[in-house]
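Examining the three-dimensional arrangement
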Amino acid sequence: MVAKRSGVTEPFNRDKIVRGVRRACQGRPVSEDQLAILAQRVEDVIRSRGSGEVPSHEVGLAILGPLRELDEVAYLRFASVYRGFESLADFEEEIAALRSERDHAWHPDYEQEPTNKVEPTVEVERTDRQEATGQQEQRAGAQ
């Protein structure tokens, strides 16, 4: 069961997690399968606590980590609502924290594997642009 701030309790609903995260991922290169996996990870974390009732705040916290790994822009969108960002400074602080985390992850002396890998969709987009440019060059050469 999830205890909401209003005091109302309701059963944990994985679909509700997917719907909320889907809004944050709108227009981002995130698939439905990735959303389902994220929701499953959140459910696993919540159930592993072994408590019959979990505050909704803890559900939100359980979403933030996997979402940050999935897509930083979607993470910022979700965090801005969840944490109630009120100013540009709130966004700047969170972006600075993300950059710092990325810098530490990519530092050669850092012993763990990098957590922020370039997503393949970025490369696909570049390839599409390169192909379009190449096609334009071919058309120009044929004229």
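Before going into details, it helps to say that this report is about the structure given with it. (Residues numbered from 1 in each chain as written. Predicted model: local features only at pLDDT ≥ 70, side-chain atom pairs only at ≥ 80, totals over all residues. Heavy atoms only, no water.)

Along its length, the chain carries six helices and three strands. When its helices and strands are written in sequence order, the chain yields β-β-α-α-β-α-α-α-α. In the chain, which comprises 143 residues, the proportion classed as buried is 25%. For the chain, the share of sequence-separated contacts (at least 6 apart) that also reach a separation of at least 24 residues comes to 47%. (Helix = DSSP H or I, 4+ residues; strand = E, 2+ residues; numbered from the N terminus. Buried < 20%, exposed > 50% of the residue type's maximum accessible area, 1.4 Å probe, protein only. Contact = heavy atoms within 4.5 Å.)

If you look at the biggest cluster of nonpolar residues, it comprises 27 residues, and the most contacted ones within it are Ile17, Val21, Leu38, Val42, Val59, Ile63 and Leu67. Secondary-structure elements contributing two or more residues to this core are α1 (14-24), α2 (32-48), α3 (56-70) and α4 (72-82). Beyond its immediate sequence surroundings of up to four residues, Val21 is in contact with Leu35, Leu38, Ile63, Leu67 and Phe78. (Core = buried A, V, L, I, M, F, W, Y, C linked by side-chain atoms within 4.5 Å.)

With that settled, the discussion passes to the layout of surface pockets. Of the voids in this model, the largest pocket is the one considered here, and its volume is about 670 Å³. Listing elements by their share of the lining of the largest pocket, those giving two or more residues are α1, α3 and α4. At six residues, α1 tops the list of elements feeding residues into the lining of the largest pocket. Residues belonging to the lining of the largest pocket are distributed by class as follows: ten nonpolar, six polar and seven charged. (1 Å grid on protein atoms, 1.4 Å probe; cavity = no way out; pocket = protein on both sides within 12 Å on 5 of 7 lines; lining within 4 Å. Points joined across faces, edges and corners; volume = space filled by probe spheres on them. Nonpolar A, V, L, I, M, F, W, Y, C, P; charged D, E, K, R; others polar.)

Turning next to the sheet that holds strand β1 (residues 2-3). Taken in spatial order, the three strands of this open sheet run β2-β1-β3, and their pairing is mixed. At either margin of the open sheet sits one strand with a lone partner, and together these are β2 (9-10) and β3 (54-55). Two elements, β1 and β3, share two bridges in a ladder whose sense is parallel. Residue Val2 lies in a different strand from β3, and its bridge partner there is Val54. (Pairing = 2+ DSSP bridges.)

This next bit is on the packing of aromatic side chains. When we look at a pair of aromatic rings, we describe it by the centre distance and by the angle of the planes. As enumerated under the stated definition, the model contains two aromatic pairs in all. Between Phe78 and Tyr82, the ring centres sit 6.0 Å apart and the planes meet at 15 degrees, which makes this aromatic pair stacked. Placement of the pair is Phe78 and Tyr82 together in helix α4, with a separation of four residues, close to one helical turn. Overall, Phe78 belongs to the buried group, its relative accessible area being 15%. (Phe/Tyr/Trp six-rings, centres within 6.5 Å; stacked < 30°, edge-to-face > 60°.)

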